Amino acid sequence: MPDLHPFIAGLPKAELHVHHVGSASPRIVAELASRHPDSKVPTDPEAVADYFTFTDFAHFIDVYLSVVDLVRTPDDVRTLTFEVARDMARQNIRYAELTITPYSSTRRGIDEDAFMEAIEDARKAAEAELGVILRWCFDIPGEAGLEAAEETVRLAVDLRPAGLVSFGLGGPEIGVPRPQFKPYFDRARAAGLHSVPHAGETTGPETVWDAIRELGAERIGHGTSSTRDPELLAYLAEHRIALEVCPTSNIATRAVADLDEHPVKEMVAAGVLVTINSDDPPMFGTDLNNEYAVAARLLDLDERGLAQLAKNAVEASFLDPAGKARLSAEIDAYTADWLAR
Ligand SMILES: [Zn+2]
């Protein structure tokens, strides 16, 4: 088996399931912490890396919230967003749909217009200076209920930043039924936004059906339990509803007990359009390149198989047709060139 890491590192990639605050690397967190010395978060990147070693899921939530607390001003928002793009550029991620939870920031008192300006300013700079195309998914933090849903759809539809392409739903699934969010998804979809809720990560396939039938899901965040329902798998395959699979995240959150038991093989075997993603990469000790290496092992892929995974993400993305064609051609050219060496 050849070492695929160098190929993966240079492969042009797209990422469809990655969270804004959850992408803050130790380097970024240390910079934000040094701006807000009253926070308990360390200001040295190495100490932050230790701080990111979780003992259990409750500890993960504590750490995550302490990072959320560091994003206090529009300038913090801009720094976080642009620096996340810099980490993506280092991995040859050329296009990313970043899931942002604007409710967390506006509720904390960041002015909503200044927030939108900060992310848009970072988006333009990332494209011009780093060659990374960013788009946004605004998601409802499900645990915050219908008030958060109302606020999120209002921000998405009324303020609609130019980079916004989709509308999502995150947070816990247990005790937070998807159908209650239908009216908010209806409004977002009527405004032309794509529907990409998390579903079937910690609950069964019925949650994925709910996401499809009630929320009009065009892609599913995780969808891990879909393999328990053959009819659902067939539906996903037939309708090209892609799954955003995040293997290391699934282990970290215990959605899947062991990597070797990950259902991604069955998803692919059923003909489902599978994309590989990193979710909250530094917090789960991973990055997209590592997730591709994990996928190569689980799916027994060579260079061509990995290139196909990258092209799946382009196909399932909400990039415009010309942009999709360009990025796909770039993946093909890179792979042909690599294999000819
Ligand atoms: Zn997620």
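Residues numbered from 1 in each chain as written. Predicted model: local features only at pLDDT ≥ 70, side-chain atom pairs only at ≥ 80, totals over all residues.

Chemist: An account of the sheet that holds strand β6 (residues 198-199) is needed here, citing residue identities and associated values.
Modeler: One open sheet holds the four strands; their spatial order is β6-β7-β8-β9, and the pairing between them is parallel. Among the strands making up the open sheet, the edge pair consists of β6 and β9 (274-276). Helix α15 (residues 303-316) contacts β7 (219-222), β8 (242-245) and β9 of the sheet and is inclined by roughly 105° relative to β9. (Pairing = 2+ DSSP bridges. Helix = DSSP H or I, 4+ residues; strand = E, 2+ residues; numbered from the N terminus. Contact = placed C-beta atoms within 7 Å. Axes fitted to C-alpha atoms, helices over the stretch in contact; angles between N-to-C directions.)

Chemist: Let's hear about the nonpolar core: which residues, and what values?
Modeler: Core analysis: the largest hydrophobic core is formed by 92 residues, its most contacted members being V29, A96, Y292, L306 and A310. A per-element tally of this core places α15 first, with seven residues. The residues touching L306, leaving out its near neighbours within four places in the chain, are L4, F7, I8, L11, Y292, A296 and L301. (Core = buried A, V, L, I, M, F, W, Y, C linked by C-beta atoms within 7 Å. Buried ≥ 20, exposed ≤ 12 C-beta atoms within 10 Å, placed from the backbone.)

Chemist: Got a sec to walk through helix α9 (residues 182-190)? Specific residues and values, please.
Modeler: Listing the buried residues of α9 in full gives Y184, F185 and A188. In a view along the axis of α9, the buried residues occupy a sector of 95°, so they form one face of it. Structural note: α9 exposes P183 and A190 on the side pointing more than 90 degrees away from its buried face. Its buried side turned inward, α9 meets β3 (133-141), α8 (145-159), β4 (164-170) and β5 (194-195). Immediately downstream of α9, the backbone of G192 shows phi near 95°, a positive value. (Arc of directions from axis to C-beta.)

Chemist: Explain helix α4 (residues 57-68) residue by residue, including any values.
Modeler: Here α4 contains twelve residues, and its C-alpha end-to-end distance of 16 Å stays within 8% of the 16 Å for a straight helix at 1.5 Å per residue. When you tally the buried positions in α4, you get one out of twelve residues, a small fraction of the element. (Expected span 1.5 Å × (residues − 1).)

Chemist: Tell me about the packing of helix α14 (residues 288-299) against α15, and please be specific about residues and values.
Modeler: Relative to each other, α14 and α15 sit at 120°, their axes nearing to 10 Å. Classified by the interaxial angle, the pair formed by α14 and α15 is oblique. Judged by the twist between their axes, the crossing of α14 over α15 is right-handed. Where α14 approaches α15, its residues Y292, A295, A296 and L299 are matched on the opposing element by G305, L306 and L309. (Parallel < 35°, antiparallel > 145°, perpendicular 65-115°, else oblique. Left-handed = near helix turned anticlockwise from the far one by under 90°.)

Chemist: Got a sec to walk through the pairing of strand β1 (residues 13-19)? Specific residues and values, please.
Modeler: Each regular strand shows side chains that alternate between the opposite faces of the sheet. With seven of seven residues buried, β1 is to be regarded as a mostly interior element. Two strands pair when backbone bridges link them, and β1 and strand β2 (residues 93-100) are joined in this way by five bridges, in the parallel orientation. Along β2, the bridge assignment pairs A14 with Y95.

Chemist: Can you lay out the packing of helix α5 (residues 74-90) against helix α7 (residues 112-130) for me, pointing to particular residues and giving the numbers?
Modeler: The interhelical angle for the contact between α5 and α7, taken along N-to-C directions, is 30°, at an axis separation of 8 Å. Comparing the axis directions of α5 and α7 gives the class roughly parallel. As for how α5 packs across α7, the hand of that crossing is right-handed. Taken together, the residues of α7 that come into contact with α5 (itself represented by P74, V77, R78, T81, F82, A85, R86 and A89) are A114, F115, E117, A118, I119, D121, A122, A125, A126 and L130. Considering only residue class, the contact of α5 with α7 consists of 13 nonpolar, one polar and four charged. (Nonpolar A, V, L, I, M, F, W, Y, C, P; charged D, E, K, R; others polar.)

Chemist: Hey, could you go over the environment of L32 for me, with residue numbers and the actual values?
Modeler: The topology assignment puts L32 in helix α2 (residues 26-35). Exposure remark for L32: the 23 C-beta atoms within 10 Å place this residue in the buried category. Spatially, the C-alpha atoms of L32 and F318 are 31 Å apart, while their sequence positions differ by 286 residues.

Chemist: Which residues make up unusual backbone geometry, and what values do they have?
Modeler: Phi at R240 is positive, roughly 50°, even though this residue is not glycine. Mapped onto the fold, R240 is located in the loop between α11 (230-238) and β8. Judged by the 13 C-beta atoms lying within 10 Å of it, R240 falls in the partly exposed class. Its identity as a non-glycine residue notwithstanding, D300 has a phi of 55°, on the positive side. Here D300 shows up in the loop between α14 and α15. Taking the number of C-beta atoms within 10 Å as the measure of exposure, D300 has 10 and is therefore exposed.

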